[in-house]
Amino acid sequence: MLGAIIGDIVGSRFEWHNIKTKQFDFLTHSCFFTDDSVMSLAIAKAILETKQSTQLKANAVICMQEIGRHYPDCGYGGSFRKWMFSSNPKPYRSYGNGAAMRVSACGFAAFSLKEAIAMSKAVTEVTHNHPEGLKGAEATTVALYMA
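Here we summarise the structure given alongside this text. (Residues numbered from 1 in each chain as written. Predicted model: local features only at pLDDT ≥ 70, side-chain atom pairs only at ≥ 80, totals over all residues. Heavy atoms only, no water.)

## Digging into the packing of aromatic side chains
Where we set the bar: Stacked, tilted and edge-to-face are the three classes assigned to paired rings of Phe, Tyr and Trp, where Trp is represented by its six-membered ring and a pair needs centres within 6.5 Å; plane angles under 30 degrees give stacked, over 60 edge-to-face, the rest tilted. Secondary structure elements are taken from DSSP: a helix is a run of H or I of four residues or more, a strand is a run of E of two residues or more, and numbering for both begins at the N terminus. Any residue under 20% of the maximum accessible area for its type is buried, any over 50% is exposed, and the rest in between are partly exposed; the area is computed with a 1.4 Å probe on protein chains only.
By the definition in use, this model includes 4 aromatic pairs. Here Phe33 and Tyr71 contribute two aromatic rings whose centre-to-centre distance is 5.5 Å and whose plane-to-plane angle is 90°, an arrangement assigned as edge-to-face. Of this pair, Phe33 sits in the loop between helix 1 (2-11) and helix 2 (35-49) while Tyr71 sits in the loop between helix 3 (56-68) and helix 4 (78-84), placing them 38 residues apart in sequence. Relative accessible area serves as the criterion here: at 39%, Phe33 is assigned to the partly exposed category. Accessibility expressed as a relative area gives 37% for Tyr71, which makes it partly exposed. Look at Tyr76 and Phe80: their rings are 5.3 Å apart centre to centre, the planes differ by 45°, and that puts the pair in the tilted class. Taken individually, Tyr76 and Phe80 each receive the classification buried, so the pair is uniform in this respect. Each member of the aromatic cluster is reached from another via a ring pair, and the members are Tyr76, Phe80 and Trp83.

This is the structure we're talking about:
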């Protein structure tokens, strides 16, 4: 999780301004946290506070909205912003990278590969329920679990 958040902050200044070199200052005054860090922390909170695995999906929504609403200008996409502030949030078939960007806690907290995959699906399908979004989140979770 720390690596994901540090990477988010270090890379933040290059979003929409890509570079093709590995020669850059690691952290500068231009760096900032983004929606990916905020949602990573929300998912970690959901996992830590969930007592029954069947509750993880609902707790993910609660934690994502609870934490995410405090940071309305951290870079949410349009559909996710609507989801974030909805009183009845529903998945919107997204296959964007946000699904993969927030699942680091799933790979870290799971006690088995099967559990890691189930956690990833539960926290992802609340927004990114397109098959490609789910695959991206699962691939990231499996890589983190295996590491």
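## A closer look at helix 2
Worth spelling out the cut-off: To estimate how far a helix should extend, the number of its residues minus one is multiplied by 1.5 Å. When checking whether two residues touch, look at their non-hydrogen atoms; a contact exists if any pair is within 4.5 Å.
For helix 2, spanning 15 residues, the distance from its first C-alpha to its last is 21 Å, which sits close to the expected 21 Å at 1.5 Å a residue. Among the 15 residues that make up helix 2, 11 are buried, leaving the element largely enclosed by the rest of the structure. Turning to helix 2, its buried residues are Asp35, Asp36, Ser37, Val38, Met39, Ser40, Ala42, Ile43, Ala44, Ala46 and Ile47. Where the residues of helix 2 are buried, they touch helix 1, helix 3, helix 4, helix 5 (98-101), helix 6 (104-109) and helix 7 (113-124).

## Points about the packing of helix 3 against helix 7
The condition is simple: With axes taken as lines fitted to C-alpha atoms, and helix axes fitted only over the stretch in contact, angles between N-to-C directions fall between 0 and 180 degrees. Angles are sorted into four bins: roughly parallel if under 35 degrees, roughly antiparallel if over 145, roughly perpendicular if 65 to 115, and oblique for all others. Here a crossing is taken to be left-handed if its near helix is turned anticlockwise relative to the far helix by less than a right angle, and right-handed if that turn runs clockwise. Side-chain classes follow a simple rule in which Ala, Val, Leu, Ile, Met, Phe, Trp, Tyr, Cys and Pro form the nonpolar group, Asp, Glu, Lys and Arg form the charged group, and the remainder, Gly included, forms the polar group.
As a packed pair, helix 3 and helix 7 sit with axes 8 Å apart at the nearest point and diverge in direction by 50°. For the element pair helix 3 / helix 7, the angle class is oblique. In the packing of helix 3 onto helix 7, the handedness of the crossing is right-handed. Judged by residue contacts, Leu56, Lys57, Ala60 and Met64 of helix 3 engage Met119, Ala122 and Val123 from helix 7. Of the residues contributing to the contact of helix 3 with helix 7, the split by class is 6 nonpolar, no polar and 1 charged.

That is the geometry; function is a separate question.
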